[in-house]
Amino acid sequence: MSGDLRELYQEVILDHSKRPRNFGALPQSNRRAEGYNPLCGDRITVYMLVEDGVVAAVAFEGAGCAICTASASMMTQALVGKTEAEVEGLFRGFHALVTEETALNADTSKLGKLSVFAGVREFPIRVKCATLPWHTMRAALENQAAPVTTE
Amino acid sequence: MSPLAVVEKDRRGPSAYDVEAVRRDFPILSRMVHGKPLVYLDNAATTQKPQCVIDAVSRYYREENSNIHRGVHYLSEVATEAYEAARIKVQRFLNAPLFCEIIYVRGATEAINLVVSSYGRTHVGAGDEVIISAIEHHSNIVPWQMLCEEKGARLRVIPVNDRGELMLEEYEKLFNPRTKFVSLVHVSNALGTVNPVKEMIDTAHRHGAPVLVDGAQAAPHLPVDVQELDCDFYVFSGHKVYGPTGVGALYGKASLLKDMPPYMGGGDMIRSVSFEKTTYNDLPHRFEAGTPNIAGGIGLGAAIDYVTALGPERIAAHEHDLLVYGTERLSEIPGLRLIGTAREKAGVLSFTLEGIHPHDIGTILDREGIAVRTGHHCAMPVMERFGVPATARASLGLYNTRQEIDALVAGLHRVIRVFS
Ligand SMILES: Cc1ncc(COP(=O)(O)O)c(C=O)c1O
């Protein structure tokens with residue numbers, strides 16, 4: 001495999017895509033949104049339980065490519081216990097990580113394991129796959145009714 | 001100027017299809033992508049252009065550029081002649097009886113919209129019905145949907161079986177006295193199915209309904225004869241028959257076109273204009289408002305010359321051989337499911353790999369220099385029918401080779417290794 005492919009499909013990403021964590025509906029959720037990427041057919045639903053401004057639980061379901069599924073899976077792990085403000089910070093950091101060479105006005109230092117997605121930058125067409133779960137999650141937080149699309 | 005492949009064909013006798021010589025006519029095929037030789041298998045999206053097309057377009061801009069039908073000066077005359085000569089090439093390519101039955105458009109999409117707006121709006125009313133099929137490209141669904149919405153008409157859909165073939169017995173049952181139009185794809189871009197359009201047109205005519213055939217994927221792969229089909233309209237895009245983007249053609253029977261209202265107003269489509277009354281121009285110009293894609297039309301003419309010299313029958317035979325070979329090779333891959341296994345098929349290999357999303361297949365193949373399309377192929381109802389969100393699709397052209405199929409197969413094994 002060429003170097004940038006290896007960067008994209010890192011072990012951690014492949015692992016999460018094959019065995020997504022927090023996969024399935026979350027019956028006790030009080031926030032929920034759907035996301036859709038018409039270009040590749042990725043379609044996911046993000047469920048959240050937010051209590052006193054803190055994310056108590058997150059789950060997702062849907063069908064997506066490896067990048068989308070792994071991104072959703074790792075996102076669900078990263079968000080638990082975070083305040084809404086911290087979630088917003090992570091959202092910006094993640095977005096900067098996958099889109100910009102040097103993150104402007106965004107803190108990528110707190111991304112931790114999520115940094116494995118830096119390889120997506122070399123594949124501009126796949127950026128939407130990585131960010132779809134995050135956009136959907138943000139819509140869920142705002143309890144947006146209309147499905148999110150990446151178009 | 002003459003295509004290399006054709007020259008070599010003549011030397012070797014008419015039956016030899018020398019794909020290596022054909023490939024030398026297409027400069028882009030010798031380029032590298034991600035450090036690997038390009039393997040271009042996205043011909044259903046658009047085809048590459050032979051040198052003769054590139055030359056025709058660039059010669060037009062270098063030596064002939066001017067507006068057509070408007071100037072008394074030399075260049076305008078030359079450009080008009082070249083543009084109209086290309087129309088006659090399109091006429092012969094489709095075997096249309098009259099040159100005035102060929103209307104230049106931007107492509108298949110615009111041609112369908114023209115027919116919907118002009119013929120559809122004057123002939124389809126509240127409670128009427130239009131028949132399309134379950135395997136149409138969005139461009140042969142959405143314009144009809146818009147019309148039905150506007151008029152309070154109903155869209156009826158011919159169902160498709162598990163192989164991707166239209167169910168003809170169901171088709172026949174859809175007709176009733178309210179059926180006003182049938183619009184059908186000739187070759188499906190998502191599945192490769194070749195529909196029995198001649199038989200289907202006969203059925204529609206028995207019920208008094210005219211038929212539009214969407215030939216976007218047929219014109220590049222099969223010989224097309226609109227008189228034999230007896231279709232009322234036929235549409236295709238230049239960029240899928242090795243010509244430039246932004247140009248295509250609508251064939252319509254003169255008997256229908258002559259009574260259809262103009263689609264757009266503007267220059268060239270009129271005979272005289274005053275603020276009291278405008279008299280429309282004759283066919284085909286009545287449907288060609290504004291300065292057209294002159295270079296595109298000339299380039300399309302060159303593409304048709306190229307395809308005609310190679311021979312549509314020989315192209316079809318070459319691609320069929322590749323399709324059979326590709327079907328065999330892909331079927332050996334564990335977990336691969338071919339979507340679209342019609343008995344009559346043109347060069348499309350649409351597939352999924354178990355547990356691997358088509359998008360990931362596309363990215364990994366791309367790094368091997370292999371261009372395929374992944375997604376819903378502008379045929380979301382087809383994806384839904386086969387229960388997949390998307391497929392990967394290798395679509396063949398006249399320059400593809402067995403070695404390229406082998407490269408695809410090797411690439412797919414690599415994809416499987418990444419995800420194993
Ligand atoms: C079957 C079919 N019809 C119509 C179209 C639309 O063609 P264009 O985008 O060139 O107008 C396509 C293009 O993909 C097609 O495959």
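Predicted model only: the values in this text are computed from it and were never measured.

### What about the sheet that holds strand β3 (residues 54-63) of chain A?
What links the strands of a sheet is backbone hydrogen bonding, and the strands pair in either a parallel or an antiparallel sense. All names here are of chain A. With mixed pairing, four strands are arranged side by side in an open sheet as β3-β2-β1-β4. The sheet terminates laterally at β3 and β4 (148-149), the two strands that pair on one side only. Of the strand pairs in this sheet, strand β2 (residues 42-51) and β3 are connected by nine bridges, and their pairing is antiparallel. Considered in β3, the bridge of Ile44 is made with Gly62.

### Side note on the sheet that holds strand β16 (residues 373-375) of chain B
Residue and element names in this part refer to chain B. What the four strands build is an open sheet, ordered β13-β14-β17-β16; its pairing is antiparallel. Lying at the two open borders of the sheet, with one neighbouring strand each, are β13 (336-339) and β16. Looking at each pair of strands side by side, their axes are set apart by 30° on average, direction ignored. Taken strand by strand, helix α15 (residues 402-419) contacts β13, β14 (348-353) and β17 (391-395), and its axis lies near 15° from that of β14.

### Quick notes on the interface of chain A and chain B
Contact with chain A, which involves 24 residues of that partner, is made by 15 residues of chain B. Put simply, chain A and chain B have two salt bridges between them. In this structure, Arg126(A) and Asp360(B) form a salt bridge, with 2.8 Å as the shortest nitrogen-oxygen distance. For the pair chain A and chain B, the number of links is nine residue pairs in polar contact (both at pLDDT 80 or more). Breaking the side of chain A that touches chain B down by element, the ones donating at least two residues are α1 (3-8), α2 (11-18) and α3 (66-79) of chain A. A class-by-class count of the residues in the side of chain A that touches chain B yields 15 nonpolar, four polar and five charged.

### Notes on the nonpolar core
Of all hydrophobic cores here, the largest spans 79 residues; its most connected members are Leu94(B), Val182(B), Tyr234(B), Phe236(B) and Leu398(B). Of the residues forming this core, the biggest block, ten residues, is contributed by helix α11 (residues 294-310) of chain B. Here this core spans two domains, and each of domain 1 (3-30 + 311-419) and domain 2 (54-308) of chain B adds at least three residues to it. Contacts of Val182(B), omitting those with residues within four sequence positions, involve Ile131(B), Tyr171(B), Phe175(B), Ala204(B), Ala209(B), Pro210(B), Val211(B) and Leu212(B). Residues Val50(A), Leu349(B), Ala392(B) and Val415(B) belong to the second largest nonpolar core, which totals 74 residues.

### Side note on the site of the ligand
Residues and elements named next belong to chain B. Thr109, Asp214, Gln217, Ser237 and Lys240 are the nearest of the 13 residues found near the ligand. Contacts to the ligand include His137, whose side-chain N or O atom sits 3.2 Å from an oxygen atom. The side chain of Gln217 places a nitrogen or oxygen atom 2.7 Å from an oxygen atom of the ligand. Protein chains bury 87% of the 390 Å² of accessible surface belonging to the ligand in isolation. Residue classes in the shell around the ligand are distributed as three nonpolar, eight polar and two charged.

### Structural notes on the domain arrangement of chain B
All names here are of chain B. In terms of domain boundaries, chain B breaks down into domain 1 (3-30 + 311-419) and domain 2 (54-308). Here the C-alpha centre of domain 2 lies 27 Å away from the C-alpha centre of domain 1. Listed as interface residues are 37 residues of domain 1 and, on the opposing side, 29 residues of domain 2. Approximately 2,700 Å² of surface area, both sides summed, lies buried where domain 1 meets domain 2, with 60% of it carried by carbon and sulfur atoms. Looking at the side of domain 1 facing domain 2, the largest losses of area belong to Pro312, Cys378 and Arg385, adding up to 18% of the total buried there. Our count for the contact surface shared by domain 1 and domain 2 stands at two salt bridges. In this assembly, domain 1 and domain 2 are joined by 18 residue pairs in polar contact (both at pLDDT 80 or more).

What counts, and at which threshold
Residues numbered from 1 in each chain as written. Chains lettered and ligands numbered in written order. Predicted model: local features only at pLDDT ≥ 70, side-chain atom pairs only at ≥ 80, totals over all residues. Heavy atoms only, no water. Pairing = 2+ DSSP bridges. Helix = DSSP H or I, 4+ residues; strand = E, 2+ residues; numbered from the N terminus. Axes fitted to C-alpha atoms, helices over the stretch in contact; angles between N-to-C directions. Contact = heavy atoms within 4.5 Å. Salt bridge = Lys/Arg side-chain N within 4 Å of Asp/Glu carboxyl O. Polar contact = N/O pair within 3.5 Å; in protein donor to acceptor, adjacent residues only side chain to side chain. Nonpolar A, V, L, I, M, F, W, Y, C, P; charged D, E, K, R; others polar. Core = buried A, V, L, I, M, F, W, Y, C linked by side-chain atoms within 4.5 Å. Buried < 20%, exposed > 50% of the residue type's maximum accessible area, 1.4 Å probe, protein only. Domains from an automatic or database assignment. Near = heavy atom within 4 Å. Areas by Shrake-Rupley, 256 points an atom, 1.4 Å probe, with all protein chains shown as cover. Buried area = accessible area lost by both parts, 1.4 Å probe.

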